[in-house]
Amino acid sequence: MPLREDIRAKFDSDKAREFFFETEGLPYGFHNFLFGWIDTPKNNLPGLLPNEGMPILFSVLEHILPNTIMIFFCEALNFRLGTRNLNISELAEEAAK
């Protein structure tokens with residue numbers, strides 16, 4: 001689809017290509033699945049899920065489905081905290097710092 005003229009004038013195709021090649025092959029999708037839902041400190045979960053319950057829920061699920069929780073939750077939090085391969089408990093400790 002063609003861009004509107006005002007947007008086209010601002011668009012930098014070299015920067016767009018540079019961004020693409022910097023991010024090509026990075027995981028996306030599952031890693032950000034939950035974060036449109038829980039990406040603010042307060043008042044962002046559905047009313048039935050208290051904020052304090054989420055770490056407990058994911059900690060329990062981590063023992064049942066460790067790979068799934070790593071993909072859906074831990075990798076994104078590790079990225080945001082600048083850490084690598086921390087589990088739920090370690091992430092909570094790091095976030096508290």
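Residues numbered from 1 in each chain as written. Predicted model: local features only at pLDDT ≥ 70, side-chain atom pairs only at ≥ 80, totals over all residues. Heavy atoms only, no water.

Describing the packing of helix 4 (residues 66-81) against helix 5 (residues 88-96)
Then, in step 1: Following both chains from N to C, one finds helix 4 and helix 5 inclined at 25°, their axes separated by 11 Å at the closest point. As judged from the angle between their axes, helix 4 and helix 5 are roughly parallel. When you trace helix 4 past helix 5, the crossing you get is left-handed. Facing Ile69, Phe73, Cys74, Leu77, Asn78 and Leu81 of helix 4, the residues of helix 5 in contact are Ile88, Leu91, Glu94 and Ala95.
Then, in step 2: Partitioned by chemical class, the residues of the contact of helix 4 with helix 5 number eight nonpolar, one polar and one charged. (Axes fitted to C-alpha atoms, helices over the stretch in contact; angles between N-to-C directions. Helix = DSSP H or I, 4+ residues; strand = E, 2+ residues; numbered from the N terminus. Parallel < 35°, antiparallel > 145°, perpendicular 65-115°, else oblique. Left-handed = near helix turned anticlockwise from the far one by under 90°. Contact = heavy atoms within 4.5 Å. Nonpolar A, V, L, I, M, F, W, Y, C, P; charged D, E, K, R; others polar.)

Let's talk about the confidence of the model for the protein
Then, in step 1: Summing up the model confidence of the protein, the mean pLDDT is 82 and the portion of residues at 70 or higher is 75%.
Then, in step 2: Mean pLDDT per element in the protein: helix 3 (residues 53-64) is the minimum at 84, and helix 1 (residues 5-10) is the maximum at 94. (pLDDT = per-residue confidence, 0-100.)

A closer look at the pattern of salt bridges
Once their charged atoms are close, side chains differing in charge can pair, the charge on each being opposite to the other.
Then, in step 1: All told, the structure shown has four salt bridges when counted by the stated rule.
Then, in step 2: The salt bridge involving aspartate 14 is made with arginine 17; its shortest N-O contact spans 3.1 Å. Taken as a pair, aspartate 14 and arginine 17 lie in helix 2 (residues 13-23) at a separation of three residues, close to a single helical turn.
Then, in step 3: When its relative accessible area of 55% is taken as the criterion, aspartate 14 is described as exposed. (Salt bridge = Lys/Arg side-chain N within 4 Å of Asp/Glu carboxyl O. Buried < 20%, exposed > 50% of the residue type's maximum accessible area, 1.4 Å probe, protein only.)

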